Amino acid sequence: MEEDRLVEIPRSDWEEWRDLYKRDWPRHEIAFNLVQNYIDWSKHDRKIKDLVLYSLNGSWRENGTFVIIDRIDLYMHTLDESLGTLRRALELVDWDYYYVAVMCEHEALLFDTFKKLNVRVGIGRLNTMYFLPKEEALKFNVTVPAGLRLGSLEPGHAKIITDLWPHRERGSEFSIERLVRWNPSMGLFDEQGNLLGWCLLTQAGVMGSLGVIEQRKGYGKLVVMAFAKKLAEMGRNLYASILVENEPSKALFAGLGFKPIKDVNWIRNRERKFVEWSVEPYLAALGIS
């Protein structure tokens, strides 16, 4: 029996690979969005640094199983209901390095893998995924107060957003600037062009990094409504991943009609050797040893 290995999925196959996730739509829409994101990004840069898109033994056509590593972000998905191929793929990841398993739906499987391979968990942040059909977002009536305007973000805004983002760590500014440059975004500005509020679109097509300069002015709601409508006009359904303890954000999205659909987890492992991307300073800032 041939030994398992992670095999990169060639760029020439990405469109065929993406279309596997049209099955039972929109059940696998986030996986579809993720592959589409890298198809789009490859048009900006054919050889994106520190990006690998793996299947198990090249078997993606049979099982739709993938592990994508994008710098420190790790994404996983499978059409294999038994999760067997995903389990085998995760056991081949080099966990000596530090990764964030983004919006992981298979936390039990991942924790089992960590236990088997003696990988320590850095932190897990439980989120709720919210969903709104694009047809509902198209109904939003977005009214901008006098003296304010809505528009796309610019790369120069990445530092402002990063400095105010509570989950920032090494490399966050680069990651945020890349999202601003290559994905749709929404910003709220005053007459002088100062940034008042913002929201980004992640690699998985999920609204994220929502932030405002000042609370209780309605800026967050305005940005979410405007961005959701913009994305709906692009033909996208709307998703948002919100920390379970973030009651204000949950109330905001629920008030706009978003419905909770599933729990997901953001899981960081702890690296086992000296590496460029280190989780230790992040954990130290949180008081975790």
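This is a predicted model, so every value here is computed, not measured.

To continue, consider the overall build of the protein. The secondary structure content of the protein amounts to 11 helices and 12 strands. Relative to the 2.2 N^0.38 estimate, which gives 19 Å for 289 residues, the radius of gyration of the protein is 19 Å and therefore close to what a compact globule would have. Dimensions along the principal axes, computed over C-alpha positions, put the protein at roughly 70 × 45 × 35 Å. Of all 289 residues assigned to the protein, the portion counted as buried reaches 53%.

Quick look at the pattern of salt bridges now. Summed over all chains, the structure comprises 20 salt bridges. Lys116 is the partner of Glu91 in a salt bridge, and the nearest nitrogen-oxygen pair spans 3.1 Å. Here Glu91, found in the loop between α4 (84-90) and β5 (100-104), pairs with Lys116, found in helix α5 (residues 107-117); they are 25 residues apart in sequence, far enough to count as distant. The salt bridge partner of Glu245 is Arg125, with a shortest N-O separation of 4.0 Å. One end of the pair, Glu245, is in the loop between β11 (238-243) and α10 (247-255); the other, Arg125, is in strand β6 (residues 121-132), and 120 residues separate them in sequence. Look at Glu245 and you get exposed, because its relative accessible area is 52%. Beyond isolated ion pairs, a larger network of salt bridges with shared partners links Asp13, Glu16 and Arg61.

With respect to the secondary-structure elements, Ile68 resides in strand β3 (residues 66-70). Overall, Ile68 belongs to the buried group, its relative accessible area being 0%. Separated by 59 residues in sequence, Ile68 and Ile9 have C-alpha atoms that sit 10.0 Å apart. When sequence neighbours within four positions are dropped, the list of residues in contact with Ile68 reads Trp17, Leu34, Tyr38, Leu51, Val52, Leu53, Asp73, Leu74 and Tyr75.

With that out of the way, let us pick up the nonpolar core. What tends to happen in soluble globular proteins is that the nonpolar side chains get buried as a cluster. With 42 residues, the main nonpolar core has Trp17, Tyr21, Tyr38, Phe66, Ile68 and Leu153 as its most contacted residues. Among the elements that make up this core, the one with the highest residue count is helix α2 (residues 29-44) (eight residues). Counting 28 residues, the second-largest nonpolar core is a separate cluster that includes Met207, Leu222, Leu238 and Ile242.

Its location among the elements puts Thr85 in helix α4. Classification of Thr85 as buried rests on a relative accessible area of 10%. The contacts of Thr85, once residues within four sequence positions are left out, are Leu56, Asn63, Thr65, Thr78 and Asp80.

Glancing now at the pairing of strand β9 (residues 195-201). On a regular strand, one side chain projects to one face of the sheet and the next to the other, so that they alternate. With respect to burial, β9 is a largely interior element, seven of its seven residues being buried. The pairing of strand β8 (residues 185-190) with β9 spans five bridges and is classified as antiparallel. Paired with Gly187 across the strands is Trp198, a residue of β9. Here β8 folds back onto β9, and the loop between the two strands holds four residues, one of which, Gly193, carries a positive phi near 85°. As judged from the four bridges shared by β9 and strand β10 (residues 207-212), these two strands associate in the antiparallel manner. When the sheet's bridge partners are listed, Gly197 is paired in β10 with Val212. What sits between β9 and β10 in their antiparallel hairpin is a turn of five residues, with Gly205 showing a positive phi close to 75°.

Let's shift gears to α10. An α-helical segment advances 3.6 residues per turn. Residues three or four places apart therefore align on the same side. Within α10 the residues assigned to the buried category are Ser249, Lys250 and Phe253. Seen along its axis, α10 keeps its buried residues to an arc of 100°; they face one direction. Away from its buried face, by an angle of more than 90 degrees, α10 presents the exposed residues Pro248 and Gly255. Next to the buried residues of α10 lie β6, β10, α9 (219-233) and β11.

Looking now at the domain arrangement of the protein. Entries for the protein in the domain assignment read domain 1 (6-127 + 264-286) and domain 2 (130-262). Put simply, the middle of domain 1 and the middle of domain 2, counted by C-alpha atoms, are 24 Å apart. Listed by partner, the interface residues are 30 residues for domain 1 and 26 residues for domain 2. Here domain 1 meets domain 2 over a buried area of about 2500 Å², counting both sides, of which 51% is carbon and sulfur. By the criterion of area lost to domain 2, the three top residues of domain 1 are Trp41, Arg71 and Asn127, representing 23% of everything that side buries. Our count for the domain 1 to domain 2 interface comes out at three salt bridges. Note that Glu105 and Lys262 form a salt bridge whose closest N and O atoms lie 2.9 Å from each other. Connecting domain 1 to domain 2 are 14 residue pairs in polar contact (both at pLDDT 80 or more). With eight residues, the top contributor of residues to the side of domain 1 that touches domain 2 is α2. Here the side of domain 1 that touches domain 2 is built from residues that sort into 16 nonpolar, five polar and nine charged.

Conventions used here
- Residues numbered from 1 in each chain as written.
- Predicted model: local features only at pLDDT ≥ 70, side-chain atom pairs only at ≥ 80, totals over all residues.
- Heavy atoms only, no water.
- Helix = DSSP H or I, 4+ residues; strand = E, 2+ residues; numbered from the N terminus.
- Rg over C-alpha atoms; globule rule 2.2 N^0.38 Å.
- Buried < 20%, exposed > 50% of the residue type's maximum accessible area, 1.4 Å probe, protein only.
- Salt bridge = Lys/Arg side-chain N within 4 Å of Asp/Glu carboxyl O.
- Contact = heavy atoms within 4.5 Å.
- Core = buried A, V, L, I, M, F, W, Y, C linked by side-chain atoms within 4.5 Å.
- Pairing = 2+ DSSP bridges.
- Arc of directions from axis to C-beta.
- Domains from an automatic or database assignment.
- Buried area = accessible area lost by both parts, 1.4 Å probe.
- Polar contact = N/O pair within 3.5 Å; in protein donor to acceptor, adjacent residues only side chain to side chain.
- Nonpolar A, V, L, I, M, F, W, Y, C, P; charged D, E, K, R; others polar.

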